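These are the residues of each chain, in order.
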Amino acid sequence: DVKVTQSSRYLVKRTGEKVFLECVQDMDHENMFWYRQDPGLGLRLIYFSYDVKMKEKGDIPEGYSVSREKKERFSLILESTSTNQTSMYLCATRPRVSGANEKLFFGSGTQLSVL
Amino acid sequence: SQQGEEDPQALSIQEGENATMNCSYKTSINNLQWYRQNSGRGLVHLILIRSNEREKHSGRLRVTLDTSKKSSSLLITASRAADTASYFCATPGVAGGTSYGKLTFGQGTILTVHP
């Protein structure tokens, strides 16, 4: 089974702090994604990566950056947190797509609260 | 913008009843996926239906796809209390488009099955 591990289940931070959210997968998947999930808004894509050192902006990249130095690890960075970044953050992975956009494998999520 | 939108937003039924959730989308797709999310956890892939399929079954799940109406439905038969969760449809970007490789999720249907 694919295992997608997010480093923290819950995080509480103060406004202005820097936050690293880490995601590690053990299935050699090329594609990795960061979503945030908010009540009434569903899941929104922040950034994704097709392969090592590659990154693409999603629908809401503002206030976030990412790093993919190794294939198995995709980090989401919040340089200076704000209260509107309080959310559930979900990491997902997928093997290289052959043209049919196959299914995603999700981690358990990190609930971030910014005070 | 949301590609897939689920209806209803919430559904409450008794154990043993069937649950039907609907999803509408806006652009052409080559497949549509359904995911399930238990409270506070990551999403789990349930089923994928391709654009050339009209119906697909997996255990107690039945998914239909009507590409002319740009809609899909998920039917859970003989529901159980353990089916209580949120259910999301997801659609991929089209090949060659700027959204290719991404999955866009709807806002989800919250299903509650009472014992």
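Note that the coordinates shown come from a computational prediction; the quantities given were computed from them, not determined experimentally.

### Observations concerning the overall build of chain B
1) Next: When helices and strands are counted, chain B shows 0 helices and 11 strands.
2) Next: Reading chain B from its N end, one meets helices and strands in the order β-β-β-β-β-β-β-β-β-β-β.
3) Next: The buried share of chain B, reckoned over its 115 residues, is 46%.
4) Next: Across chain B, contacts joining residues at least 24 apart in sequence account for 56% of those joining residues at least 6 apart.
5) Next: Of the accessible surface of chain B, which amounts to about 5,400 Å², a share of 47% is contributed by carbon and sulfur atoms.

### Description of the sheet that holds strand E3 (residues 19-24) of chain B
Residue and element names in this part refer to chain B.
1) Next: Ordered by their spatial adjacency, 5 strands build an open sheet running E1-E3-E8-E7-E6, and the pairing between neighbours is antiparallel. Each having just a single partner strand, strand E1 (5-7) and strand E6 (55-58) make up the two edges of the open sheet. On average, each strand axis in the sheet is tilted by 20° relative to the strand beside it, whichever way the strands run.
2) Next: Of the pairings in the sheet, the one linking E1 to E3 comprises 3 bridges and is antiparallel in character. Across the sheet, residue Asp7 finds its bridge partner in E3, namely Asn22.

### Details of the pattern of salt bridges
Residue and element names in this part refer to chain A.
1) Next: On inspection of all chains with the given rule, the structure shows 10 salt bridges over all chains.
2) Next: Here Asp28 ties to Lys71 by a salt bridge, and the two come within 3.2 Å at their closest N and O atoms. With a gap of 43 residues between them, Asp28 in the loop between strand E3 (19-25) and strand E4 (31-38) and Lys71 in the loop between strand E7 (65-70) and strand E8 (73-78) connect regions that are remote in the sequence.
3) Next: Exposure remark for Asp28: the relative accessible area of 52% places this residue in the exposed category.
4) Next: Overall, Lys71 belongs to the partly exposed group, its relative accessible area being 21%.
5) Next: The salt bridge involving Arg44 is made with Asp38; its shortest N-O contact spans 2.9 Å.
6) Next: One continuous salt-bridge network, built from bridges that share partners, spans Asp28, Glu30 and Lys71.

### A few points about the state of the cysteines
1) Next: Evaluation of the coordinates by the stated rule reveals 2 disulfides over all chains.
2) Next: A sulfur-sulfur distance of 1.9 Å marks the disulfide that ties A:Cys23 to A:Cys91. Residues A:Cys23 and A:Cys91 are joined through a disulfide that is left-handed, its torsion about the S-S bond being -75°. Pair noted here: A:Cys23 is in strand E3 and A:Cys91 is in strand E9 (residues 87-94), with a separation of 68 residues, a long-range link.
3) Next: A:Cys23 gets classed as buried once you look at its relative accessible area, which sits at 0%.
4) Next: Note on cysteine connectivity: B:Cys23 is disulfide-linked to B:Cys89, with sulfurs 2.0 Å apart.

### Considering the nonpolar core
1) Next: B:Met21, B:Leu32, B:Trp34, B:Leu74, B:Ile76, B:Tyr87 and B:Leu111 are the most contacted members of the largest nonpolar core, which totals 20 residues.
2) Next: Those elements giving two or more residues to this core turn out to be E3, strand E4 (31-37), strand E5 (43-50), strand E7 (61-66), strand E8 (71-76), strand E9 (85-92) and strand E11 (109-114) of chain B.
3) Next: Contacts of B:Ile76, omitting those with residues within four sequence positions, involve B:Glu17, B:Asn18, B:Ala19, B:Met21, B:Arg60, B:Leu61, B:Asp83, B:Tyr87 and B:Leu111.
4) Next: Among the nonpolar cores identified, the runner-up in size contains 19 residues, and A:Met32, A:Tyr64, A:Leu78 and A:Tyr89 belong to it.

### With respect to the sheet that holds E3(A)
All names here are of chain A.
1) Next: Spatially, E1-E3-E8-E7 is the arrangement adopted by the 4 strands of the open sheet, whose pairing is antiparallel. At either margin of the open sheet sits one strand with a lone partner, and together these are strand E1 (4-6) and E7. Across the sheet, the axes of successive neighbouring strands diverge by a mean angle of 20°, strand direction being ignored.

### What about the interface of chain B and chain A?
1) Next: Each partner contributes to the interface: chain B provides 23 residues, whereas chain A provides 28 residues.
2) Next: When the two sides are added together, the surface that chain B and chain A hide from each other amounts to roughly 2,000 Å², 45% of it contributed by carbon and sulfur.
3) Next: Applying the counting criterion to the chain B and chain A interface returns 1 salt bridge.
4) Next: Of the charged contacts in the structure, one is a salt bridge between A:Asp59 and B:Lys102, with a shortest N-O distance of 3.9 Å.
5) Next: At the junction of chain B and chain A, the tally comes to 7 residue pairs in polar contact (both at pLDDT 80 or more).
6) Next: Its residues assigned to classes, the side of chain B that touches chain A comprises 8 nonpolar, 12 polar and 3 charged.

Reading the values: rules and limits
- Residues numbered from 1 in each chain as written.
- Chains lettered and ligands numbered in written order.
- Predicted model: local features only at pLDDT ≥ 70, side-chain atom pairs only at ≥ 80, totals over all residues.
- Heavy atoms only, no water.
- Helix = DSSP H or I, 4+ residues; strand = E, 2+ residues; numbered from the N terminus.
- Buried < 20%, exposed > 50% of the residue type's maximum accessible area, 1.4 Å probe, protein only.
- Contact = heavy atoms within 4.5 Å.
- Areas by Shrake-Rupley, 256 points an atom, 1.4 Å probe, with all protein chains shown as cover.
- Pairing = 2+ DSSP bridges.
- Axes fitted to C-alpha atoms, helices over the stretch in contact; angles between N-to-C directions.
- Salt bridge = Lys/Arg side-chain N within 4 Å of Asp/Glu carboxyl O.
- Disulfide = S-S within 2.5 Å.
- Core = buried A, V, L, I, M, F, W, Y, C linked by side-chain atoms within 4.5 Å.
- Buried area = accessible area lost by both parts, 1.4 Å probe.
- Polar contact = N/O pair within 3.5 Å; in protein donor to acceptor, adjacent residues only side chain to side chain.
- Nonpolar A, V, L, I, M, F, W, Y, C, P; charged D, E, K, R; others polar.

Worth remembering: the numbers are spatial, not functional.
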